[in-house]
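Understanding the architecture of this molecule
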Amino acid sequence: MPDVEPDSPMQDATPEIRSGARPAWLPPRTALLVAALAFVAGLLIFVALWLDQRDSNNFYRSIEAPRSVAGQVFDPLPVPLPAEGDTASGMDAPEPQPAEAPPYQAPPMATAPPIYPSPPVNLPAEPAPAVVVDRFAPQLTFSPPPRYPRDARRRGESGTVLLRVHVTRNGDAGAIELVQGSGSRSLDRAAIEAAHRWRFEPAVRNGEPVESSLQIPVEFAL
């Protein structure tokens with residue numbers, strides 16, 4: 001066996017292995033202890049979750065058929081309802097959103113029917129009341145001239161005849177009087193005959209026609 005020098009590495013390592021020293025590649029004891037505690041904690045958490053999940057699965061188990069005891073049949077118990085806020089999946093149900101109110105619409109207002117102007121009615125104009133003025137003497141309105149007698153014309157007779165004519169309410173010539181003659185009977189007779197064809201506006205008293213008389217001269221001239 002060759003001699004080994006005391007200062008060589010082989011000589012230094014051999015005594016440490018033989019004496020039970022830790023190798024350099026192994027982690028320290030503190031790290032191992034922490035790893036072990038972490039493993040145990042993870043295992044406990046896993047067991048707790050598994051138990052909780054097992055209890056949750058019992059909720060979905062179907063109810064067993066009714067059992068009979070001494071000939072009596074018992075009805076199955078009703079399935080318990082989930083607690084408020086829970087769903088079949090075990091998660092919280094979403095809160096119901098309030099429905100949006102429809103937009104406000106004002107009620108339709110009642111509209112009055114259109115008013116059309118009525119066409120103007122042309123009514124006949126009422127005649128203005130006649131203003132009646134009292135008239136004390138009649139007025140001659142129609143007086144055709146008398147005919148000149150032929151015999152009086154041959155003899156060359158002329159002159160003026162004065163007559164009084166009595167006028168009726170209707171404006172006609174009534175009685176005729178000779179007030180003054182012309183000196184020729186032919187001329188006087190012609191004047192009276194012409195006066196019977198005359199027409200008058202009668203006299204008026206208090207708005208009413210009345211009888212009256214009027215003197216009228218009739219002139220004959222060649």
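Scroll up to find the structure this text is about.
A short tour of the structure in this document, coming up. (Residues numbered from 1 in each chain as written. Predicted model: local features only at pLDDT ≥ 70, side-chain atom pairs only at ≥ 80, totals over all residues. Heavy atoms only, no water.)

Considerations on the overall build of the chain
- The helix and strand inventory of the chain stands at four helices and nine strands.
- Ordered by position from N to C terminus, the α and β elements of the chain give α-α-β-β-β-α-β-β-α-β-β-β-β.
- Expressed as a percentage of the 222 residues in the chain, the buried residues total 14%.
- Summed over all atoms, the accessible surface of the chain reaches about 19,200 Å², with 60% contributed by carbon and sulfur. (Helix = DSSP H or I, 4+ residues; strand = E, 2+ residues; numbered from the N terminus. Buried < 20%, exposed > 50% of the residue type's maximum accessible area, 1.4 Å probe, protein only. Areas by Shrake-Rupley, 256 points an atom, 1.4 Å probe, with all protein chains shown as cover.)

Considerations on the packing of aromatic side chains
- This model, assessed by the stated rule, comprises one aromatic pair.
- Here the aromatic rings of Tyr148 and Phe220 are separated by 5.7 Å at their centres, their planes lie at 80°, and the arrangement is edge-to-face. Taken together, the residues span a long stretch of sequence, with Tyr148 in the loop between β3 (139–142) and α3 (150–155) and Phe220 in strand β9 (residues 212–220) at a distance of 72 residues.
- A residue is classified by how much of its surface remains accessible, and Tyr148, at 17% relative accessible area, is buried.
- The buried category is assigned to Phe220, whose relative accessible area is 4%.
- Over the ring of Tyr148 we find Arg153; its NZ or CZ atom is 4.5 Å from the centre of that ring. (Phe/Tyr/Trp six-rings, centres within 6.5 Å; stacked < 30°, edge-to-face > 60°. Lys NZ or Arg CZ within 6 Å of the ring centre and 35° of its normal.)

What about a nonpolar patch on the surface?
- A contiguous nonpolar patch, built from Phe39, Val40, Leu43, Leu44, Phe46, Val47, Trp50 and Leu51 and spanning about 830 Å² of accessible area, is present on the exposed surface.
- For Phe46, the position within the fold is in helix α2 (residues 29–58). (Patch = residues over 30% accessible without salt bridge, like charges linked within 9 Å, V, L, I, M, F, W, Y side chains within 5 Å. Salt bridge = Lys/Arg side-chain N within 4 Å of Asp/Glu carboxyl O.)

A closer look at helix α4 (residues 185–195)
- Burial in α4 covers these residues: Ser186, Leu187, Asp188, Ala190, Ala191, Ala194 and Ala195.
- Packing partners of the buried residues in α4 comprise α3, β4 (159–167), β5 (173–180) and β9. (Contact = heavy atoms within 4.5 Å.)

Let's talk about the sheet that holds β4
- Across the sheet, which stays open at both edges, the three strands sit in the order β5-β4-β9 with antiparallel pairing between neighbours. Two strands bound the open sheet, and with one partner strand each, they are β5 and β9. Sheet twist, expressed as the mean angle between neighbouring strand axes with direction ignored, is 30°.
- Sheet topology places β4 next to β9; nine bridges connect them, and they run antiparallel. Across the sheet, residue Gly159 finds its bridge partner in β9, namely Phe220.
- Running at roughly 30° to β4, α4 makes contact with β4, β5 and β9 of the sheet. (Pairing = 2+ DSSP bridges. Axes fitted to C-alpha atoms, helices over the stretch in contact; angles between N-to-C directions.)

Focus on the nonpolar core
- Leu163, Val165, Phe200, Val218 and Phe220 are the most contacted members of the largest nonpolar core, which has 17 residues in total.
- Mapped onto this core, the elements with two or more residues apiece are β4, β5, α4 and β9.
- For Leu163, the residues in contact, after removing those within four places along its chain, are Ile176, Glu177, Leu178, Val179, Ala191, Ile192, Ala195, Leu214, Gln215, Ile216 and Val218. (Core = buried A, V, L, I, M, F, W, Y, C linked by side-chain atoms within 4.5 Å.)

Some remarks on the pairing of β5
- Here β4 runs beside β5; their pairing, made up of five bridges, is antiparallel. Looking at the pairing, Leu163 lines up with Leu178 of β5.

Notes on the pattern of salt bridges
- All chains considered together, the criterion is met by five salt bridges.
- Where Arg135 meets Glu201, a salt bridge forms, and the shortest distance between an N and an O atom there is 3.6 Å. Of this pair, Arg135 sits in the loop between β2 (72–73) and β3 while Glu201 sits in strand β6 (residues 199–201), and the two are 66 residues apart along the sequence.
- Given the relative accessible area of 37%, Glu201 is considered partly exposed.
- Taken together, the salt bridges that share partners define one network made up of Asp151, Arg155 and Glu157.

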